Amino acid sequence: MRPFRAAAFLFVLPLIQGNPQRDDGQWTMPARDYAATRYSGLAQITVRNAPRLRPVWSFSTGVLGGHEGQPLVVGSTMYVVTPFPDVLYAFDLASEGYPLKWKYRPDVNPTALGIACCDAINRGAVYAAGKIIYNLLDGHTVAVDAVSGKELWKTQIGDMSQGETTPMAPFVAGNRVIVGPSGGEFGIWGWVKGLDLATGKILWTAHNMGPDSSMLARPGHGRYSGEANIGVSSWEGDSWRRGGAPVWGWISYDPQLDLIYFGTGNPGPYNTEQRPGENKWTNSVLARRPSDGVLVWAYQFTPHDSWDFDANAEMILADLIVGGRMRKALVHFDKNGFAYTLDRVTGELLVAEPFANVNWAKGINKRTGLPVVDTTKTTGASRGNVRGICPSLEGGKSPASPAAYSPRTGLFYTATNNLCMNFEAAPVTRIAATPYIGATTPYVIGPGGYGGAFIAWDAARGRPVWKIEEKFPVWSGSVVTAGDVVFYGTLDGWFKAADARSGKVLWKFKVGSGVVGAPISFRGPNGKQYIAVYAGIGGDWFLLSGDVRSDDPADVRPPADFAPELARHTSQGGIVWIFGL
Amino acid sequence: MNRCVVRGAWCVGAAVLFAACERSNAGGVPASIRYPDHVAAGGNQPPAGEITNPLKPDSTNVADGSKIFSSMNCDGCHGGGALGWVGPSLVDGRWRYGGTDGALYQSIFYGRPRGMPAYGGILSPGAIWKIVSYIRAQPIPVTVPTESFK
């Protein structure tokens, strides 16, 4: 155990401290490193030569769902997980045309299609100890031999009969596989689980609300400052039992502190009046010990959420000078439109400033950590139709679109949405494994008339540095490289490279379908740097822009009223692209 | 149980096939089977396909059906106005599993394999028929079948 940890230190610390070592050219976990930076140390592609990028390979996955997440590159093999039915492809990068070594076709229960809230997506796999590990939509985690493609173990982690599905990408810290469920729209009792990497056995389960014994919380011990059983007392009655707090986003890990960090999703239902109280720990960041799941600290971004502001977006770990002091920081772009910089040792709030158009709160009180809410924007069944709330529940940024951090520029790069909404809540009954929502929430394009933007953010000062406006909301992840080039995609199907320092667009290519995946960078067996990304609009956009669908003659939909032009530029697809010089 | 159902359908299908042979097999010529017969041979409607909605499609039943559609969380999957969300549109005049009264009733009562839950255990037949009344009363959007972008 000990030598492994030491190795992890060497690998991760230089990145966190902004002094990247030579890059090994691989991409073995969802966000490239434990710190979730999505930073590639490869530098062959530069601001100067990026305009000469060209497609070198593409592959249709044969699946049309939203292609979120990212491929992995381990050695000379690239691994791709598709949306439902969750096929795993292994491509041989050492052979011309990158033919398949194998494909793994799991037996996934199609009932999951009716329990996944927002398209049958998958956010990708993780590589560890010779295994490719990922989640099937129907509540299972599988480990597949990275060389042979043979299934090594399969564990049921979720319960579809209670509305749980599992599209998130698992995370490996030490010998624990960390997983969580979706189901914030189905009245689940949210959790994370720690599985044994070798066997898949569930070693611990930690709920995000409920009694301290269920939350693996020990008030008064260590840095956890929650009151005793706050996961019950911050709810009315037993509403915590169906209160949501899913874990469908990304996980990061500080091996020195031995803490994992992840965000929890919205409280359910959307009708606030069915769950009075602060609803801890929904819409929060939780720091837990990976070995036993113990809760070490927690901070809630949006107490008693009135707007479906899930906090599942990535927690990027970086050491930043904040207020003249070097801090072990955690940076998070929340759906609520504020970007937060916290001390990741203690959970102390350092910076919280809006990165998108925000009107539900006037700001975040640094002393209390609480938002200063504009109560005219508070929703609930008795409050009727509350109009003009910004951002919309798609978020100032979607957690599905992970940001990147460059230690070279010191900047964070993220997709953003510029949408506002009306919110009309209504009482709702929980019927197990059916939607438990209770609100109608139509959108409009926000102030400025653009649908979204790709921005660079200074998290130490809490201010934007540059911004590229786009016609439609921007829903892709991003990767930034040591060549100071940052990559992202658009819903209307462009994949773009920009100068990480100035925001100047250097190159773009039409990839065949809208981009909701996250690009990666890797070094091929020939020593050259490549960029890979999925095309394949979907996720929320399968729901929101229904007329991007063409595969079912029995499902013909009108365009989205707030983005009627989108289907003019894209339809569904599923393509893996690789670009190079 | 499943196997019995499959066998039963096969038997019915075979009977139709033989009947067709008898009709057109004069002179030992191989049977020619019209396409609708061919389809029916392998896809006979279940008995409920013939049942009809006992309710009148009046405004009361349609309004009640609309309320039940929301209160049973149908709109959570099929969208407000049933225009399509994670589940398919129910107002485009197109049907995966048949659009007759009986087929809609079956879909709601028994569920369907790609995610439609079975509501037969928690809804009365009268409530299901009101949902059927509501769905069938909805107008088809003007973008079906041609969506024009100019």
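Structure's up top.
Residues numbered from 1 in each chain as written. Chains lettered and ligands numbered in written order. Predicted model: local features only at pLDDT ≥ 70, side-chain atom pairs only at ≥ 80, totals over all residues.

**Student:** Outline the overall build of chain B, listing residues and values.
**Tutor:** Looking only at helices and strands, chain B features 6 helices and 0 strands. Starting at the N terminus, the α and β elements of chain B follow one another as α-α-α-α-α-α. Residues counted as buried form 26% of the 150 residues belonging to chain B. Long-range contacts, defined here as pairs at least 24 residues apart, represent 61% of the contacts in chain B between residues at least 6 apart. (Helix = DSSP H or I, 4+ residues; strand = E, 2+ residues; numbered from the N terminus. Buried ≥ 20, exposed ≤ 12 C-beta atoms within 10 Å, placed from the backbone. Contact = placed C-beta atoms within 7 Å.)

**Student:** If you had to explain the overall build of chain A to someone new, which residues and values would you point to?
**Tutor:** Counting its secondary structure elements, chain A contains 5 helices and 39 strands. Across its three principal directions, the C-alpha atoms of chain A cover 60 × 55 × 55 Å. Within chain A, the proportion of its 581 residues that are buried is 62%. A sequence separation of at least 24 residues applies to 61% of the contacts in chain A between residues at least 6 apart.

**Student:** Let's hear about the interface of chain A and chain B: which residues, and what values?
**Tutor:** Listed per partner, the contact involves 29 residues of chain A and 29 residues of chain B. Residues that form the side of chain A that touches chain B fall into these classes: 16 nonpolar, 6 polar and 7 charged. (Nonpolar A, V, L, I, M, F, W, Y, C, P; charged D, E, K, R; others polar.)

**Student:** Give me the lowdown on the packing of helix α3 (residues 59-71) of chain B against helix α6 (residues 125-136) of chain B, citing residues and values where you can.
**Tutor:** All names here are of chain B. Look at α3 against α6: their axes get within 7 Å of each other, and the N-to-C directions meet at 105 degrees. By the angle between their axes, α3 is roughly perpendicular relative to α6. Each of Asn61, Val62, Asp64, Gly65, Ser66, Ile68 and Phe69 in α3 lies in contact with α6, whose residues at this interface are Ala127, Lys130, Ile131, Ser133 and Tyr134. Here the residues of the contact of α3 with α6 are counted per class, giving 6 nonpolar, 4 polar and 2 charged. (Axes fitted to C-alpha atoms, helices over the stretch in contact; angles between N-to-C directions. Parallel < 35°, antiparallel > 145°, perpendicular 65-115°, else oblique.)

**Student:** I'd like a rundown of the sheet that holds strand β7 (residues 126-128) of chain A, residues and numbers included.
**Tutor:** Residues and elements named next belong to chain A. A sheet is described by the order of its strands in space; here 4 strands give the open sequence β7-β8-β9-β10, paired in antiparallel fashion. Two strands bound the open sheet, and with one partner strand each, they are β7 and β10 (151-156). The sheet shows a mean angle of 20 degrees between the axes of neighbouring strands, direction not considered. The pairing of strand β8 (residues 131-136) with strand β9 (residues 140-145) spans 6 bridges and is classified as antiparallel. Residue pairing for β9: Lys131 is matched across the bridge by Asp145. (Pairing = 2+ DSSP bridges.)

**Student:** Lay out the sheet that holds strand β16 (residues 259-263) of chain A with the relevant residues and their values.
**Tutor:** Adjacent strands of a sheet pair through backbone hydrogen bonds, lying either parallel or antiparallel. Residues and elements named next belong to chain A. If you trace the 4 strands from one edge of the open sheet to the other, you get β15-β16-β17-β18, paired in antiparallel fashion. The sheet is open, and its two edges are formed by β15 (251-254) and β18 (295-300), each paired on a single side. Strand-to-strand twist in this sheet, taken as the mean axis angle between neighbours without regard to direction, amounts to 20 degrees. By the bridge criterion, 5 bridges tie strand β17 (residues 284-288) to β18 in an arrangement that is antiparallel. Bridged to Ser284 within β18 is Gln300.

**Student:** So what about the environment of A:Asp33? Which residues, and what values?
**Tutor:** Residues and elements named next belong to chain A. Following the sequence through the fold, Asp33 ends up in the loop between α1 (2-16) and β1 (39-40). Accessibility expressed as a C-beta count within 10 Å gives 23 for Asp33, which makes it buried. Between the C-alpha atoms of Asp33 and Ile316, which are 283 residues apart in sequence, the distance is 10.0 Å.

**Student:** Can you lay out the packing of helix α5 (residues 101-110) of chain B against α6(B) for me, pointing to particular residues and giving the numbers?
**Tutor:** All names here are of chain B. For the pair α5 and α6, interaxial distance at closest approach is 10 Å and the crossing angle is 125 degrees. Classified by the angle their axes make, α5 and α6 are oblique. Remark: the crossing between α5 and α6 carries right-handed chirality. Residues Asp101, Leu104, Tyr105, Ile108 and Phe109 of α5 form the contact with α6, whose participating residues are Ile128, Ile131, Val132 and Ile135. For the contact of α5 with α6, the class distribution of residues is 8 nonpolar, no polar and 1 charged. (Left-handed = near helix turned anticlockwise from the far one by under 90°.)

**Student:** Report on the pairing of β18(A), specifying residues and quantitative values.
**Tutor:** Judged by how many residues are buried, β18(A) sits mostly within the fold: 6 of 6 residues are covered. Taken together, β17(A) and the strand that follows it, β18(A), pair antiparallel across an intervening segment of 6 residues, in which A:Gly293 is found at a positive phi of about 80 degrees.

**Student:** Report on the pairing of strand β28 (residues 419-425) of chain A, specifying residues and quantitative values.
**Tutor:** All names here are of chain A. In terms of burial, β28 is largely enclosed, as 5 of its 7 residues are buried. Bridging between strand β25 (residues 385-389) and β28 involves 3 bridges; their strand directions are antiparallel. Of the residues in β28, the one forming a bridge with Val386 is Phe423. Taken together, the 3 bridges between β28 and strand β30 (residues 443-445) define a ladder with antiparallel strand orientation. In the strand pairing of β30, Met421 is matched with Tyr443. Sheet analysis places β28 next to strand β29 (residues 439-440), joined by 2 bridges and oriented antiparallel. Bridge pairing links Glu424 to Thr440 in β29.

**Student:** How would you summarise unusual backbone geometry if you had to cite specific residues and measurements?
**Tutor:** Cis geometry marks the peptide bond from A:Cys390 to A:Pro391, where omega comes out at -5 degrees. Inspection of the secondary structure puts A:Pro391 in the loop between β25 and β26 (404-406). With an omega of -5 degrees, the peptide bond between B:Val144 and B:Pro145 qualifies as cis. Summarising the element assignment, B:Pro145 is placed in the segment after α6. For A:Asn279, which is not a glycine, the phi torsion comes out positive at approximately 60 degrees. Residue placement: A:Asn279 occurs in the loop between β16 and β17. The phi torsion at A:Ala433 lies on the positive side, around 65 degrees, for a residue other than glycine. Take A:Ala433: it is sitting in the loop between β28 and β29. With 22 C-beta atoms counted inside 10 Å, the residue A:Ala433 sits in the buried group.

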